[in-house]
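# Notes for the structure review
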Amino acid sequence: MRLLLLILLSTFWLQSLSRNITVAPNSSVNTLTKGLSIASNGDTITVKSGTYKDGNTVVTKSVTIIGEGNVIFDGEDKYEILTISASGVVIKNITFNSAGYSALKDFAAIKIIDASKVIIESNRINNAYFAIHVSNSSSVTIRNNTLFGTPKSEQLTGNGIHLWKCNNALIENNRCTGYRDGIYFEFVGNSVIRNNWSEKNLRYGLHFMFSNDDSYFGNTFKNNGAGVAVMYSKRVKMENNHFQENWGPSAYGLLLKDIADSHINGNTFLKNTVGIHMEGSSRIDIQKNIFKSNGWAVKIQASCDDNNFHQNNFIGNSFDVGTNGTMVLNKFDNNYWDKYEGYDLNKDGIGDVPYHPVSLYSMIIEQNPSTLMLFRSFTVQLLDKAEKMIPGATPENLIDNKPLMKSLKL
Amino acid sequence: MLKLSRYVLYDIVRSKIIIAYTLFLFLVSFSLFQLEENESKAILSLLNIILIVLPLVSIVFSTIHYYNSYEFIELMLSQPLSRKRILLSEFFGVAMSLSGAFFVGVGIPVLIFSFNSVGLSLLFTGVMLTIIFASLAFLASVLSRDKAKGIGVTLLLWFYFTLIYDGLVLMILFSFSDYPLEKIIPVLSALNPVDLGRIFIMLKMDVSALMGVTSAMYQDFFGSFIGVLFTVGVMALWAIIPLRFALLVFNKKDI
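Residues numbered from 1 in each chain as written. Chains lettered and ligands numbered in written order. Predicted model: local features only at pLDDT ≥ 70, side-chain atom pairs only at ≥ 80, totals over all residues. Heavy atoms only, no water.

## Here's the deal with the overall build of chain A
- Counting its regular elements, chain A contains four helices and 39 strands.
- In terms of overall dimensions, chain A has C-alpha extents of about 85 × 60 × 30 Å along its principal axes.
- Expressed as a percentage of the 410 residues in chain A, the buried residues total 56%.
- Considering only intrachain contacts with a sequence separation of at least 6, the fraction spanning at least 24 residues in chain A is 48%.
- Computed over 39 positive and 37 negative side-chain charges, the separation of the two mean positions in chain A equals 7 Å. (Helix = DSSP H or I, 4+ residues; strand = E, 2+ residues; numbered from the N terminus. Buried < 20%, exposed > 50% of the residue type's maximum accessible area, 1.4 Å probe, protein only. Contact = heavy atoms within 4.5 Å. Lys, Arg positive; Asp, Glu negative; His and termini not counted. Charge placed at Lys NZ, Arg CZ, Asp CG, Glu CD.)

Next up, the structure:
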């Protein structure tokens, strides 16, 4: 009992130690730098509303920085605004405008280096080179931020949320528009990305490189230059995301390159040029996804093996599956294909004739794109029908042996 | 002229074939929308009807109508009416009844079940193809006096536009695949109203796939305002030019 009292008292004492420092435009402490200089670890700095043009501010103490009202930190297109290299820093409710651009350094509105347990919450970042740049940090939380950029070219624009060599990060409820990659992960492990909205970015909505054991769910990736790319990673979980309207000659809803042992569950792929493009990927479980109105629902290169597509809905796609070879090491079973024309005599809901998702014409178009002119013409339909009867050019083994008669309720 | 067209229309409706055709179209499109789980599949089946059945019915019906009303035309020629006016009234009567049948038979189900850009482009293409093939039919039937020959020629025309032409194009696209063929695709498609109509619908239906083609030529050209203008213009030309020739021949013809 006495010990408990002691602990309780000591926490009160500790709490009373942490001071509250106020930064306001017309007071003696009129910049964040001044505020930081008199602060010590554990303090809270409240910034009153106003515009602050203070160049670059380096945070080396574990402080909580909270904006009150309309707080704007302006980088005047010259400076990196906030550099954080202390652990336990919290940045909340602040607007960052016009961070500078540098070809040599990756200037960012908020940069976090060698820190842990940093929380970036409810901020707004307009027109930065990189919006939030995190490197070599752990347990960083980035939540409820709105990142808005004016994209120039791919070289002159940075990423919205950029993580390099991090672990246990949580990226949640952010909105990212107009950067190069909405969210970029390189050498990031055990992290979660959820409920973010990434739209109209120049390159990818989400870009994964060499990042193992991560998961992302409930995100929406819409109308990005090339969709979402997941490359050279293992054990990635992708669930309940929306991949939407990623259009262009090399745009994909989801691009998988050298991915292994991953799960793709419950996602919706709507109106993409290619729903999923797979290259050199192995042991991926693709289940309960909806592929709707895509150009190609799935393009699977012959370099993929042991991938399992089951219980997916393929509805209204121009082409269901495209491939570049006759080698098939992947399984397609128990999917619903709206183009399936077979019958079900024993009424068990599974078609009695296997379905060939690769049409002859999708292979012809792959070789000679201008033949798209004849797509859906009577001649082409005859060709496709003939090929379905006697497969010659299309891979014979790429079949769904148990196609569903009715679409799945997903 | 309107009066004469009205007689022609009345005559066509009385023959009941057009009513049967309307019913057929209505039943087929209605049941397609009812049967299929999603409307995009129904639209796809409708597309086939519009690209194959519609031109066939249009061209054959117009030809038969022309030959059947030959005596009526002769009678009218004995009246103080210009030849141009007589043939045009015949044409408008036929074209109006056929596109009316299409509009009721396919248009109503489409407007009910799939009132969007795909449905509307489908209707536009259907009406245009009906008129174009009626116009082609008039040219073919004016050229020959023999009914069997006339019908034979129209069937051949239908066969050419729906099947043979596409085969030829496929051949061209493959034998010259090393050349930048994207540039001649508008030309190739302009030479066949069925292809033009199909591409017009495809732009709405398969927009995601079309964006994937290396040059994105389809979206850039056919999808732009100029492209739409081009499609509409060329289709109008396909309706006007054969009719114009038919008029020329009919004016000089020894009836």
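## So, the interface of chain A and chain B
- Residue-level contacts link 35 residues of chain A with 37 residues of chain B.
- Taken together, the two surfaces of chain A and chain B that pack against each other cover about 2900 Å², and 65% of this comes from carbon and sulfur.
- At the surface where chain A touches chain B, the tally comes to zero salt bridges.
- One can count five residue pairs in polar contact (both at pLDDT 80 or more) joining chain A with chain B.
- Breaking the side of chain A that touches chain B down by element, the ones donating at least two residues are α3 (360-367) and α4 (378-389) of chain A.
- Take the side of chain A that touches chain B: its biggest share by element is five residues, from α4 of chain A.
- A breakdown of the residues in the side of chain A that touches chain B according to their chemical character gives 16 nonpolar, 15 polar and four charged. (Buried area = accessible area lost by both parts, 1.4 Å probe. Salt bridge = Lys/Arg side-chain N within 4 Å of Asp/Glu carboxyl O. Polar contact = N/O pair within 3.5 Å; in protein donor to acceptor, adjacent residues only side chain to side chain. Nonpolar A, V, L, I, M, F, W, Y, C, P; charged D, E, K, R; others polar.)

## Observations regarding the pairing of strand β37 (residues 319-323) of chain A
Residue and element names in this part refer to chain A.
- Among the five residues in β37, five count as buried, and that is most of the element.
- The pairing of strand β34 (residues 296-300) with β37 spans four bridges and is parallel. Residue pairing across strands places Trp296 opposite Phe319, the latter belonging to β37. (Pairing = 2+ DSSP bridges.)

## Some words on a nonpolar patch on the surface
- Residues Phe159, Tyr160, Ile164, Leu168 and Met171 of chain B make up a contiguous nonpolar surface patch of about 450 Å² in total accessible area.
- Along the polypeptide, Tyr160 of chain B turns up in helix α7 (residues 147-175). (Patch = residues over 30% accessible without salt bridge, like charges linked within 9 Å, V, L, I, M, F, W, Y side chains within 5 Å. Areas by Shrake-Rupley, 256 points an atom, 1.4 Å probe, with all protein chains shown as cover.)

## Notes on the sheet that holds β34 of chain A
Residue and element names in this part refer to chain A.
- Sheet architecture is open: 12 strands sit in the order β4-β7-β10-β13-β16-β19-β22-β25-β28-β31-β34-β37, paired in parallel fashion. In this open sheet, the two edge strands, each paired with only one partner strand, are β4 (57-59) and β37. The sheet shows a mean angle of 10° between the axes of neighbouring strands, direction not considered.
- Direction of pairing for strand β28 (residues 252-260) relative to strand β31 (residues 274-279): parallel, over a ladder of five bridges. Within β31, the residue paired with Leu254 across the bridge is Ile276.
- Most of the contacts of α3 go to β37, to which it runs at about 55°, and overall it touches β34 and β37. (Axes fitted to C-alpha atoms, helices over the stretch in contact; angles between N-to-C directions.)

It is worth stressing that arrangement in space is one thing and function is another; only the former is reported here.
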